Amino acid sequence: MVLHRVHHQILRSHHLFEPLNEEQLDELMSTSHLLSIDKGEPLFRQGEPADSFYFVIAGAVKIYRLTPDGQEKVFEVIGDRQTFAEAMMLMDTPNYVASAEAVCPTQLYRLSNSTYMQLLQSNSRLTFALLGKLCVRLHQRVNEIETLSLKNATHRVVRYLLTQLVRLQTVESQFELPMAKQLIAGHLSIQPETFSRIIRRLIDEKIITQDGRQIAILDRLRLEQFE
């Protein structure tokens, strides 16, 4: 596959691909596929063979599992210039442990696990880049488990809003929610009605305002202390 110039720059900006020289990047891309998928289209299902990982060029993909009673638990929503499923390369299980599905029209690369693993064996910088990525993911999951296990629904929503504000590193105290409230609620392990009720309380208390997905923080200190 011959990389589009813009895609080449985007891949080069990601730490899992930056350590590759041009020959190695060409080798990786020779076994990759550029996909364009619609909203609701699956990339893989839990239990299917894990032979690939993915890099999102544009769009968003949700990672989720179904509970025994059929409810959907969203672990993460992957956006532009992010990778997912790369941890499967280092796991003992040969199958995906969750499912992935586009939440909007999405363009992404499907990359070969076996090709990347061959490159890892000959490039120590690449190995440390992958380990660093996985350590960050692990740290995020530990924090999420603590929040989901020990805090009430209001605290989860407040921390989520504050995390979005910090993640975007915006000079203004406003941001756009990255996904629909049903997905956010699933990610936080609460009901969509509960999420909406907490948002309404924050609005009534004049702590935030909401216009569609656009959230503006009016009083960050009160939001941090809100219970």
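As recorded in an unreviewed UniProt entry, the protein goes by Transcription factor and comes from Pseudomonas frederiksbergensis.

Draft legend 1. Geometry of the sheet that holds strand β6 (residues 83-84). The strand order across the open sheet built from 4 strands is β1-β8-β3-β6, with neighbouring strands paired in antiparallel fashion. Every other strand in the sheet has two partners, leaving β1 (33-37) and β6 as the edge strands with one partner each. With 2 bridges connecting them, strand β3 (residues 52-58) and β6 associate as antiparallel partners. For F55, the partnering residue across the bridge sits in β6 and is T83.

Draft legend 2. Structural context of the UniProt feature "domain: Cyclic nucleotide-binding" (unreviewed entry) in the protein. The UniProt feature table records "domain: Cyclic nucleotide-binding" (unreviewed entry) at residues 16-120. Summarising residues 16-120: 16% helix, 39% strand, and an end-to-end C-alpha distance of 10 Å.

Draft legend 3. Structural context of the domain arrangement of the protein. Splitting the protein by domain gives domain 1 (1-122) and domain 2 (141-225). Relative placement of domain 1 and domain 2: their C-alpha centres are 28 Å apart. Contacts between the two partners involve 8 residues from domain 1, matched on the other side by 9 residues from domain 2. Carbon and sulfur atoms supply 52% of the area that domain 1 and domain 2 bury against each other, a total of about 630 Å² over both sides.

Draft legend 4. Quick look at the environment of Q71. Take Q71: it is sitting in the loop between β4 (61-66) and β5 (72-78). For Q71, a relative accessible area of 46% translates into the label partly exposed. If sequence neighbours within four positions are ignored, Q71 has contacts with R65 and L66.

Draft legend 5. Up close: the nonpolar core. Core analysis: the biggest nonpolar cluster contains 39 residues, and F17, L43, F84, L108 and Y116 have the highest contact counts within it. Among the elements that make up this core, the one with the highest residue count is β3 (5 residues). Among all residues touching L108, those that are not within four sequence positions of it are H33, L34, L35, I37, L43, Y54, F55, V56, I57, V61 and F84. Counting 29 residues, the second largest nonpolar core, distinct from the first, contains I184, I207, I208 and F226.

Draft legend 6. Here's a closer look at unusual backbone geometry. Phi angles above zero are rare outside glycine, and R81 is one such case at about 65°. Examined against the element boundaries, R81 turns out to sit in the loop between β5 and β6. Using a relative accessible area of 47% as the deciding quantity, one classes R81 as partly exposed.

Definitions and cut-offs
Residues numbered from 1 in each chain as written. Predicted model: local features only at pLDDT ≥ 70, side-chain atom pairs only at ≥ 80, totals over all residues. Heavy atoms only, no water. Pairing = 2+ DSSP bridges. Helix = DSSP H or I, 4+ residues; strand = E, 2+ residues; numbered from the N terminus. UniProt positions renumbered as here; feature names shortened; annotations may be inferred. Domains from an automatic or database assignment. Contact = heavy atoms within 4.5 Å. Buried area = accessible area lost by both parts, 1.4 Å probe. Buried < 20%, exposed > 50% of the residue type's maximum accessible area, 1.4 Å probe, protein only. Core = buried A, V, L, I, M, F, W, Y, C linked by side-chain atoms within 4.5 Å.

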